[in-house]
Amino acid sequence: MRSMTKRTTTKRTTTKPGTHQTKRGTQQTATATGPVLSTRALNRATLDRQLLLHRAPLSARAAVEHLVGLQAQEVKPPYYALAARLDGFTPEELSGLLADRAAVRIVTMRSTIHLHTADDSLTLRPLVQPARDREINYFRKGLVGVDLDRLAVLARDLVEAEPRTMKQLREALSAEWPDADPQSLAVAARCTLPLVQVTPRGMWGRSAQVCLTTAEHWLGRPAEPAASPDATVLRYLAAFGPASVKDMQTWSGLTRMRPAFERLRPALVTFRDEGGVELFDLPDAPRPDPDTPAPPRFLPEFDNLLLSHADRTRVIPPANRGRTWQANTVYCPLLVDGFLAGVWRILGDALVIEEFTELTKAQRGEVTEEGERMVKVMHPEVSYDIRFGTVIP
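Report follows, based on the coordinates. All of these numbers come straight from a predicted model, not from anything done at the bench.

**Describing the overall build of the chain**
- The helix and strand inventory of the chain stands at 14 helices and 16 strands.
- Relative to the 2.2 N^0.38 estimate, which gives 21 Å for 393 residues, the radius of gyration of the chain is 22 Å and therefore close to what a compact globule would have.
- Viewed in the frame of its principal axes, the chain has a C-alpha envelope of about 70 × 55 × 35 Å.
- When burial is assessed residue by residue, the chain has 54% of its 393 residues classed as buried.

So this is what it looks like as structure tokens:
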């Protein structure tokens, strides 16, 4: 587990079991239910773990490892995610990791595509295999008469002979099982095998359809044992904590994780949120003062910050729940004072920002400054206007 880079500018609390912090930082005796962390305290702790309170002087590879992968349903989000988090980041750095096969795009957490380091792709995918096995059950009607073991062998031979698109995989598997549903056959192959998207798919400034092969074939390395649940819990807490068992299950898509937390309990500290839910954390992990300033941040759609807890109020105010998507369109979130406060998009030669509630003049100035920085990092060759307007029709 990679530890966080220590930043002396962050004011930490030193809450001990049996106490909790007031807004002014004064320790008071907690009730029998344990120390309580306010929503704002959880927000600041999570932002710190997510490298969003201060930009970290980390490499793209180190950040991807610390964050246990980046949501990568589309090509661009991982790049914007790191631009918001790292000092000195350039899109070419992350693109180079993919080109060098030091990072890959693969289905892991929550049955969605994530960008992981090569090492993590070989250990995390086996860990979440039970969730992939459950996913196949949704397609059983289309797989009547299909021997899944034989399908896995045939699919592996196909994609390791040459990378295949999902269409090509469907067609080849349908020739073997003509009575089965072609889409179900392809999904079964994706669930049974650790399929990665080969480059140039996923590289910055490149365009390519999705072609798949196995992680072992692409990386030239054999499969590795699955990461242990206990070690993965510790990594999750380092990147997303403090968190509940249900939070971790929401992030991973796994079930029955309580035993891992119980085994680790003696080495962890525990808190409660304002609703009384038990939260686990690493003893030495940063828990900044709730009043620590949180600069604006432009995040990509599907950023894991917003998707990795069962209770998302630590980042999403109840009034703004569900406001980053409409029908089948998902919008990029804007954080102000650490919480979801609007959405944004690049439209033509302008960065357009829609605020959910009216920002102060000072906040607008900070948002504008952060927006200028973001587009300069991501698109240094283009000049963009920054304007407040309508993003969601």
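**Quick notes on the pattern of salt bridges**
- All chains considered together, the criterion is met by 26 salt bridges.
- For Arg132, the salt bridge is made with Glu135, and the minimal N-O distance between the two is 3.2 Å. Of this pair, Arg132 and Glu135 both sit in helix H6 (residues 129–137), three residues apart, which is roughly one turn of that helix.
- On the basis of relative accessible area, Arg132 is assigned to the buried category, the value being 3%.

**Remarks on the packing of aromatic side chains**
- Summed over all chains, the structure comprises eight aromatic pairs.
- Both rings, one in Tyr80 and one in Trp344, keep their centres 5.6 Å apart while their planes meet at 55°; by these two values the pair is tilted. With Tyr80 in helix H3 (residues 77–83) and Trp344 in strand S14 (residues 339–347), the pair connects residues that are 264 residues apart, well separated along the chain.
- Residue classification places Tyr80 among the buried positions, given a relative accessible area of 8%.
- The buried category is assigned to Trp344, whose relative accessible area is 3%.
- Measuring from ring centre to ring centre gives 5.0 Å for Phe261 and Phe280, while their planes differ by 55°; the resulting arrangement is tilted. With Phe261 in helix H13 (residues 258–264) and Phe280 in strand S9 (residues 278–281), this pair connects stretches of sequence that are 19 residues apart.

**Some points on empty space enclosed by the protein**
- Overall, the coordinates contain two cavities of 30 Å³ or more when judged by the stated rule.
- Space inside the largest cavity adds up to approximately 80 Å³.
- Surrounding the largest cavity, 14 residues form its lining, Leu70, Gln71, Ala81, Asp303 and Asn304 being those nearest its centre.
- Those elements that place two or more of their residues in the lining of the largest cavity are strand S3 (70–71) and H3.
- Per element, the largest residue contribution to the lining of the largest cavity is three residues, and it comes from H3.
- Tallied by class, residues from the lining of the largest cavity come to eight nonpolar, four polar and two charged.

**Examining the nonpolar core**
- One finds Leu82, Phe89, Trp344 and Met378 to be the most contacted residues of the largest nonpolar core, which totals 41 residues.
- Setting aside residues no more than four positions away along its own chain, Met378 makes contact with Tyr79, Tyr80, Ala83, Phe89, Pro91 and Trp204.

**Quick word on the sheet that holds strand S5 (residues 113–117)**
- One open sheet holds the five strands; their spatial order is S3-S5-S4-S6-S7, and the pairing between them is antiparallel. The two strands at the open ends of the sheet, each matched to only one other strand, are S3 and strand S7 (212–214).
- In this sheet, S7 lies alongside strand S6 (residues 195–197) in antiparallel orientation, the contact comprising three bridges. If you follow Leu195 over to S7, its bridge partner there is Thr214.
- In the packing of helix H4 (residues 91–99) onto the sheet, contacts are made with strand S4 (103–107) and S5, and the angle to S4 comes to roughly 75°.
- In the packing of helix H7 (residues 148–161) onto the sheet, the strands contacted are S6 and S7, and the crossing angle to S7 comes to about 115°.

**Quick word on the environment of Gly96**
- As for its position among the elements, Gly96 is in helix H4.
- The exposure class of Gly96 is partly exposed, given its relative accessible area of 25%.
- Considered as a pair, Gly96 and Ile346 are 250 residues apart in the sequence and their alpha carbons are 24 Å apart.

**Topic: H6**
- Every buried residue belonging to H6 is among Gln129, Ala131, Arg132, Glu135 and Ile136, and all of these are buried. Projected down its long axis, H6 carries its buried residues within an arc of 155°, all on one side.
- Buried residues in H6 make contact with S4, helix H5 (118–127), H7 and helix H9 (182–192).

Here is what the cut-offs are and how they apply
Once a new chain begins, its residue numbering starts again from 1 and follows that chain's sequence as written. Restriction of local features to residues with pLDDT of at least 70 applies here, the model being predicted, together with a cutoff of 80 or more for giving and counting side-chain atom pairs; totals for whole chains, interfaces and linings are based on all residues. Side-chain figures throughout are based on the complete set of non-hydrogen atoms in the structure, without hydrogens or water. Only runs of H or I of at least four residues qualify as helices and only runs of E of at least two qualify as strands under DSSP, and these elements are numbered from the N terminus. Computation of the radius of gyration draws on C-alpha atoms, with the globule rule given as 2.2 Å multiplied by the number of residues to the power 0.38. Only protein chains enter the accessibility calculation, which uses a 1.4 Å probe. A residue is then buried if its area is under 20% of the maximum for its type, exposed if over 50%, and partly exposed in between. The salt bridge definition used is simple: a Lys or Arg side-chain nitrogen within 4 Å of an Asp or Glu carboxyl oxygen. Put simply, two rings from Phe, Tyr or Trp (the six-membered ring, in Trp's case) pair if the centres are within 6.5 Å, and we call them stacked under 30 degrees between planes, edge-to-face over 60, tilted for the rest. Grid spacing is 1 Å over the protein atoms alone, the probe is 1.4 Å, and a cavity is where that probe fits but cannot get out, while a pocket is an open set with protein on both sides within 12 Å along at least five of seven lines and lining residues have an atom within 4 Å of a point. Grid points are joined across faces, edges and corners, and a volume is the space filled by probe spheres set on the points. Just so you know the grouping, Ala, Val, Leu, Ile, Met, Phe, Trp, Tyr, Cys and Pro go in nonpolar, Asp, Glu, Lys and Arg go in charged, and all remaining residues, Gly too, go in polar. Among buried residues, those of type Ala, Val, Leu, Ile, Met, Phe, Trp, Tyr and Cys that are joined through side-chain atoms within 4.5 Å constitute a nonpolar core. Whether two residues are in contact is decided by their heavy atoms: any pair within 4.5 Å suffices. In short, DSSP must find at least two bridges between two strands for them to pair. Axis lines are fitted to C-alpha atoms, over the contacting stretch for helices. Their N-to-C directions set the angle, which ranges from 0 to 180 degrees. Starting at the helix axis, one direction is taken to each C-beta atom, and the arc is that of these directions.

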